[in-house]
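# A structural walkthrough
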Amino acid sequence: QTAVFTSQGVPFILAGEEMLRDKKGVHNSYNSPDEINRLDWNNLKRYPQVFEYYRRLISLRKNHPAFRLGKADAVRHSLEFLPVQPNLVAFRLKDHAGGDAWKDIIVVLNSSKTRTVNVTEGNYTVVCRDGRIDESGLGHINGSSLSVSPQSALIVHN
């Protein structure tokens, strides 16, 4: 969902996915019994980190207008895709996009092994890494490259 909530447009979230609802693999469950369609509230206790990640991801989007520019011209002006390797997507929302307090936001989505992405030389604050989100910062990266863990997202800003 990191890709969905950091992309432009209206994000879509299915009921219960933040608590790992799986519908037992039934894709079209409108006429399935409660056993298939129910929300398993015990998953909130078993996997609180998943719910917390969703909560912080939604908050990140809400607090930063760069993730919800609203107009195609604004997206064309502010969004820049970065050169990457296979199984990797990286983009920059630049120049206080949408009036955001953060000057440049870089989002890297990695579905493969550990990768390195070249960026403009700078001092970056890490706000998302290895399944954790904290808008006040999880650390800093200085330099012109970002290392991204396998099957994870990295979000930094300067």
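One structure accompanies this document, and this report is about it. Going along each chain's sequence as written, the residues are numbered from 1 onward. Side-chain atom pairs in this predicted model are given and counted only at pLDDT of 80 or more, local residue features only at pLDDT of at least 70, and totals for whole chains, interfaces and linings cover all residues. The basis for every side-chain value is the complete set of non-hydrogen atoms in the structure, without hydrogens or water.

### Quick notes on the pairing of strand 2 (residues 88-93)
As a reminder, the rule being used: Type-normalised accessible area, obtained with a 1.4 Å probe on protein chains alone, sets the label of each residue: buried when under 20%, exposed when over 50%, and partly exposed for intermediate values. Secondary structure counts use DSSP, requiring at least four H or I residues in a row for a helix and at least two E residues in a row for a strand, with both numbered from the N terminus. If DSSP finds at least two bridges between two strands, the strands pair.
Across the six residues of strand 2, five count as buried, placing the element largely inside the fold. Direction of pairing for strand 1 (residues 79-81) relative to strand 2: antiparallel, over a ladder of three bridges. Among the inter-strand pairings, phenylalanine 81 is bridged to a residue of strand 2, identified as phenylalanine 91. Where strand 1 hands over to strand 2, the hairpin turn is made up of six residues, of which asparagine 87 adopts a positive phi near 65°. Across six bridges, the pairing between strand 2 and strand 3 (residues 105-110) is antiparallel. Along strand 3, the bridge assignment pairs arginine 92 with isoleucine 106.

### Digging into the nonpolar core
Rules: Note on terminology: a nonpolar core comprises buried Ala, Val, Leu, Ile, Met, Phe, Trp, Tyr and Cys residues joined through side-chain atoms within 4.5 Å. It only takes one pair of heavy atoms within 4.5 Å for two residues to be counted as in contact.
Counting residues in each nonpolar core, the largest one holds 19 residues, and the members touching the most others are Phe67, Leu93, Ile105, Val107, Cys128 and Ile155. Mapped by element, the contributors of at least two residues to this core are helix 4 (48-63), strand 2, strand 3, strand 4 (115-129) and strand 7 (152-157). When residues no more than four places from it in sequence are discounted, the contact partners of valine 107 are Thr6, Phe67, Val89, Ala90, Phe91, Leu154 and Ile155. By size, the runner-up hydrophobic cluster in this structure holds 14 residues, among which are Ala90, Ile106, Val126 and Leu154.

### Observations regarding helix 4
Operational definition: To estimate how far a helix should reach, multiply one less than its number of residues by 1.5 Å. Along the arc lie the directions from the helix axis toward the C-beta atoms.
Compared with the 22 Å implied by 1.5 Å per residue over 16 residues, the 22 Å span of helix 4 between its first and last C-alpha is a close match. Restricting attention to buried positions, one finds in helix 4 the residues Val50, Tyr53, Tyr54, Leu57, Leu60 and Arg61. Axial view of helix 4: buried residues confined to an arc of 125°, hence all on one face. Against the buried residues of helix 4 lie helix 1 (2-6), strand 4, strand 5 (132-133) and strand 7.

### Digging into the pattern of salt bridges
For clarity, the threshold we go by: For salt bridges, the criterion is a side-chain nitrogen of Lys or Arg within 4 Å of an Asp or Glu carboxyl oxygen.
Evaluation of the coordinates by the stated rule reveals 10 salt bridges. The closest approach of N and O atoms between lysine 24 and aspartate 22, which form a salt bridge, is 4.0 Å. Residue lysine 24 is classed as partly exposed on the basis of its relative accessible area of 49%. Given the relative accessible area of 48%, aspartate 22 is considered partly exposed. A salt bridge links arginine 38 to aspartate 40; the nearest nitrogen and oxygen atoms lie 3.9 Å apart. Sharing partners across several salt bridges, the network here consists of Glu80, Arg92, Lys94, Lys103 and Asp104.

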